Amino acid sequence: MAINLIVHGRVQGVFYRDWTVRTARALGLAGWVRNLADGTVEAHLEGDAGATRTMIARMRDGPPRAEVTRIDESPA
């Protein structure tokens with residue numbers, strides 16, 4: 001499964017990208033993550049469908065200082 005995500009909320013300046021990389025690797029996922037100029041975070045995930053869904057669920061909480069308000073998903 002491959003999916004693109006846009007994560008909205010307080011997700012920059014709270015180690016969200018680093019947390020995403022560590023969490024995705026632990027689940028055996030590949031991909032990338034980057035900050036966007038509008039304050040959101042964009043991520044591309046590839047791997048097992050179950051692991052991908054688990055990752056997205058974890059991304060809704062993120063690291064302790066993050067406040068995710070919405071995640072937009074689109075197939076890749």
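Read on for an overview of the structure. Computed from a prediction, not measured in an experiment: that's the story for all the values here. (Residues numbered from 1 in each chain as written. Predicted model: local features only at pLDDT ≥ 70, side-chain atom pairs only at ≥ 80, totals over all residues. Heavy atoms only, no water.)

## A look at the overall build of the protein chain
Each helix and strand in the protein chain was counted, giving two helices and four strands. Starting at the N terminus, the α and β elements of the protein chain follow one another as β-α-β-β-α-β. Rg of the C-alpha trace for the protein chain: 11 Å, near the compact-globule value of 11 Å for 76 residues, within the 12% margin. With respect to the three principal axes, the spread of C-alpha positions in the protein chain is 30 × 20 × 15 Å. With the model as given, the accessible surface of the protein chain reaches about 4,300 Å², and the carbon-plus-sulfur share is 49%. Between the averaged position of the 10 positive side-chain charges in the protein chain and that of its 9 negative side-chain charges there is a distance of 5 Å. (Helix = DSSP H or I, 4+ residues; strand = E, 2+ residues; numbered from the N terminus. Rg over C-alpha atoms; globule rule 2.2 N^0.38 Å. Areas by Shrake-Rupley, 256 points an atom, 1.4 Å probe, with all protein chains shown as cover. Lys, Arg positive; Asp, Glu negative; His and termini not counted. Charge placed at Lys NZ, Arg CZ, Asp CG, Glu CD.)

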